[in-house]
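# Structural features, examined
Each chain is listed here by its residues.
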Amino acid sequence: NWVNVMQEQGGQPPVNMKCAVKFLSARKFDVTRAITLFRNHEALRDQYRLRDINPIGGSLKDELDSGKFTIIVNPETDEPQALAIFTARKHNIHTASHEAVMKCIIFQLDCAMQNIGVQRKGLTLVYDMTGSSFAQFDYTLSRKLLQLLQDGYPARLKKVYILKAPLWFKGPLKIVSPFLKRKFLERLRLIENISQHLNETYLPDNLGGNRKFCHSDWVMQCIECYKRSIEDNPPPPPRPPPLTETSTAAQCGDGVPLIRTSSLPAAVLNSEVPPFKRNRKHSPTSDLRDRVMSTHEIVEGIIEPAIPHKIKKKKVPTATLR
């Protein structure tokens, strides 16, 4: 309940049961860890501005059409398995922004995680470095992707395969390894042949598998899934504007009234509060220090509140017994 209270205070829609189960399933129904994951996930959505997505235009559409990241969901089995593939050779560090790439990844993950079987069985990531060069490697983007999959998205990451990593990749991997959790490192594998680790029926033909997969059809499926989510969870109504205090034109110095927002209720703003002064000795600057301050001026930060000095108690001599 308190999570929905925080959502309401932040102007976000409440968390429904379907969303709560998704986060709980990603952390094996540990409530504390699920709440931490939810907070991280919401922070990432704010960081990459994922509240307002336009998948049919702009930089996000370019990233989706590039096919550098795609997800293959196998619905034929009783327990569907999702295979996420990031093709490093299709990434251009000079034209692709990190925000657009992260939007592309999360946009497709949102659609894949609608499948209950994927939530239970987890996700397998293949980082395909076949034919990629050092100029195409983005260290900062790699760290953001690992951070997303490790602590920022409600997906159970089962395995991470780095396919055909070149020799120079060992250096960046040693640098990023201290930031990864022990369980994540145990699931990380450097491999040369993906078919030795995954069933060929799950792999697309470009990785030597038998699965016929069309990325453009998958993107259209993600767009339809996004439209359904907007219909099921409409955006919350706009929050009422804060109370304002209007000063007269004479106080502003010109003919335009000054509008200043205030977090105090109107009853407090219009009330007369008894003043108080600092408890200090007179000094050349005491005229400014001893000016009368109202409660409104203190709360709004016009002047700092005065803190009276502590009164030293005089020690009373006690009678000594003779």
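Predicted model, so just to flag it, every value in this text is computed and none were measured.

On to the nonpolar core. Counting 52 residues, the largest nonpolar core has I71, L109 and L148 as its most contacted members. Looking at this core, the element that brings in the most residues is helix α5 (residues 98–112), giving nine residues. Dropping the residues within four chain positions of it, L148 is found in contact with L44, M102, I105, I106, L109 and Y153. Counting residues in each nonpolar core, the second largest holds 11 residues, with I85, Y161, I194 and L198 among its members.

Residues at a pLDDT of 70 or more form 67% of the protein, whose mean pLDDT is 74. For residues 242–311, every residue scores under 50 in pLDDT, and the model assigns this stretch 66 contacts once sequence neighbours within four places are set aside.

With 14 residues, helix α7 (residues 139–152) should cover 20 Å at 1.5 Å per step; its first-to-last C-alpha distance of 18 Å lies within 8% of that length. Burial in α7 covers these residues: L141, S142, L145, L146, L148, L149, Q150 and G152. Where α7 begins, one side-chain oxygen reaches toward the backbone nitrogen of T140, 3.4 Å away; that side chain belongs to D138.

Here we come to the environment of L125. Turning to its location among the elements, L125 is positioned in strand β3 (residues 123–128). Here the alpha-carbon distance between L125 and L157, two residues 32 residues apart in the chain, equals 7.6 Å. Every residue in contact with L125, bar those within four places of it in the chain, is listed here: F69, A84, L149, L157, K159, V160 and Y161.

The strand order β1-β2-β3-β4-β5 describes an open sheet built from five strands, whose pairing is mixed. Pairing within the sheet leaves two strands with one partner each, and these edge strands are β1 (69–73) and β5 (188–191). Each neighbouring strand pair of the sheet contributes to a mean axis angle of 20°, computed without reference to strand direction. As paired elements, β3 and strand β4 (residues 157–163) share six bridges and run parallel to each other. Bridge pairing in β4 places Y127 opposite I162. In the packing of α5 onto the sheet, the strands contacted are β1, β2 (82–87) and β3, and the crossing angle to β1 comes to about 10°.

Here the focus is the packing of aromatic side chains. Counted by the stated rule, this structure contains seven aromatic pairs. Consider the rings of F23 and F38, whose centres lie 5.3 Å apart with planes at 80°: the pair is edge-to-face. One end of the pair, F23, is in helix α2 (residues 17–26); the other, F38, is in helix α3 (residues 31–47), and 15 residues separate them in sequence. Judged on exposure class, the residue F23 and its partner F38 are both buried. Members of the aromatic cluster, each reached through a chain of ring pairs, are F134, F137, W168 and F169. The residue whose ring lies beneath R143 is F179, and the NZ or CZ to ring-centre distance is 4.2 Å.

With 15 residues, α5 should cover 21 Å at 1.5 Å per step; its first-to-last C-alpha distance of 21 Å lies within 8% of that length. Of all 15 residues making up α5, 13 are buried, and the element is well covered by its neighbours.

Among the six residues in β2, six count as buried, and that is most of the element. Burial along β2 is two-sided: A82, A84 and F86 and L83, I85 and T87, pointing in opposite directions, are all buried. Bridge count for β1 against β2 is five bridges, and the pairing is antiparallel. Paired with I72 across the strands is L83, a residue of β2. Where β2 meets β3, six bridges bridge the pair, whose relative direction is parallel. If you follow F86 over to β3, its bridge partner there is Y127.

Orientation of α3 relative to α7, taken along the N-to-C sense of each, is 145°, at an axis distance of 9 Å. Contact with α3, carried on its side by L37, N40, H41 and L44, involves L148, D151 and G152 of α7 and no other residues of that element. Here the residues of the contact of α3 with α7 sort into three nonpolar, three polar and one charged.

Turning our eyes to something else, we now look at the state of the cysteines. Within this structure, the stated rule accounts for zero disulfides. Not engaged in a disulfide, the cysteine C225 finds its nearest cysteine sulfur in C111; these two sulfurs lie 3.8 Å apart.

Of note in this structure, K28 is not a glycine but carries a positive phi near 55°. For K28, the location among the structural elements is in the loop between α2 and α3. Among the residues examined, K28 registers a relative accessible area of 60% and is labelled exposed. In this structure, K164 is a non-glycine residue whose phi angle is positive, near 50°. Inspection of the secondary structure puts K164 in the loop between β4 and α8 (170–176).

So, how was this worked out
- Residues numbered from 1 in each chain as written.
- Predicted model: local features only at pLDDT ≥ 70, side-chain atom pairs only at ≥ 80, totals over all residues.
- Heavy atoms only, no water.
- Core = buried A, V, L, I, M, F, W, Y, C linked by side-chain atoms within 4.5 Å.
- Buried < 20%, exposed > 50% of the residue type's maximum accessible area, 1.4 Å probe, protein only.
- Helix = DSSP H or I, 4+ residues; strand = E, 2+ residues; numbered from the N terminus.
- Contact = heavy atoms within 4.5 Å.
- pLDDT = per-residue confidence, 0-100.
- Expected span 1.5 Å × (residues − 1).
- Polar contact = N/O pair within 3.5 Å; in protein donor to acceptor, adjacent residues only side chain to side chain.
- Pairing = 2+ DSSP bridges.
- Axes fitted to C-alpha atoms, helices over the stretch in contact; angles between N-to-C directions.
- Phe/Tyr/Trp six-rings, centres within 6.5 Å; stacked < 30°, edge-to-face > 60°.
- Lys NZ or Arg CZ within 6 Å of the ring centre and 35° of its normal.
- Nonpolar A, V, L, I, M, F, W, Y, C, P; charged D, E, K, R; others polar.
- Disulfide = S-S within 2.5 Å.

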